[in-house]
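Chain by chain, the residues:
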Amino acid sequence: QAQLVESGGGWVQAGGSLRLSCATSGTIFSISSMGWYRQAPGKQRELVAGFTSRGSPKYTDSVKGRFTISRDHAKNTLYLLMNSLKPEDTAVYYCSAKVSETLEYWGQGTQVTVSS
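Small disclaimer: the values here were computed from a predicted structure and weren't measured.

Parameters and conventions
Residues numbered from 1 in each chain as written. Predicted model: local features only at pLDDT ≥ 70, side-chain atom pairs only at ≥ 80, totals over all residues. Heavy atoms only, no water. Buried < 20%, exposed > 50% of the residue type's maximum accessible area, 1.4 Å probe, protein only. Helix = DSSP H or I, 4+ residues; strand = E, 2+ residues; numbered from the N terminus. Pairing = 2+ DSSP bridges. Contact = heavy atoms within 4.5 Å. Axes fitted to C-alpha atoms, helices over the stretch in contact; angles between N-to-C directions.

Among the 6 residues of strand S8 (residues 77-82), 5 are classified as buried, and the element is accordingly described as predominantly covered. In the sheet, strand S3 (residues 18-23) pairs with S8 via 6 bridges, with the strands oriented antiparallel. Looking at S8, one finds that Leu20 is bridged to Leu80. The pairing of strand S7 (residues 67-72) with S8 spans 6 bridges and is classified as antiparallel. Looking across to S8, one finds that Asp72 is bridged to Thr77.

Turning our attention to the side chain of Ser115. Mapped onto the elements of the fold, Ser115 is located in strand S11 (residues 110-115). Classification of Ser115 by relative accessible area gives buried; the value is 19%. Ignoring any residue separated from it by four or fewer positions in sequence, one finds Ser115 in contact with Trp11, Val12, Gln13, Ala14 and Pro87.

Quick look at the sheet that holds S8 now. Pairing within the open sheet is antiparallel, and its 4 strands lie in the order S1-S3-S8-S7. Taken across any chain shown, the strands that pair with only one partner, and hence form the sheet edges, are strand S1 (5-7) and S7. This sheet shows a mean twist of 15° between the axes of neighbouring strands, independent of strand direction. In the sheet, S1 pairs with S3 via 3 bridges, with the strands oriented antiparallel. Its bridge partner lying in S3, Glu6 is registered against Cys22.

Attention now goes to unusual backbone geometry. For Asn76, which is not glycine, the phi dihedral falls at a positive 50°. Inspection of the secondary structure puts Asn76 in the loop between S7 and S8. We note that Ser84 has phi near 50°; this positive angle belongs to a residue other than glycine. Summarising the element assignment, Ser84 is placed in the loop between S8 and strand S9 (91-100).

Geometric values such as these leave the question of function open.
Structure follows, in C-alpha cells:
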C-alpha cells in the first residue's frame, strides 16, 4: 500500500494563505499522475488541481489565479499553495497518486477551514 502523507492544513481567515504538502515514495512520485482533491460537507469530492498529460498545471475554475500546484522531484513531494482563501474553500483536501485507471492511492486528508 503506497503511503501519501499530507500536511499543512489548518484554520485561516478569509484572504489568508496555506500551503499543503504531500510526501510519498520516489517510485510512486515518478510513475503517478498526482493531484489535489477536496470534499466539503455534503458535497462530492472534486479535483482541485493536477497536471495535464504534458505536465502543465490545471485547476478547477473556482481556484484559478489563487491556487498553485507544484512538485519537488528531489523531495518526492507535491504542494498546493492556496492564496486568497475563501470560506467556500473549506473542505478536507486529499492528495491523489493515480498509477493507472484501476490503481489510485489517496492520502489521509487534511482539513482546511476558512473563516469569514
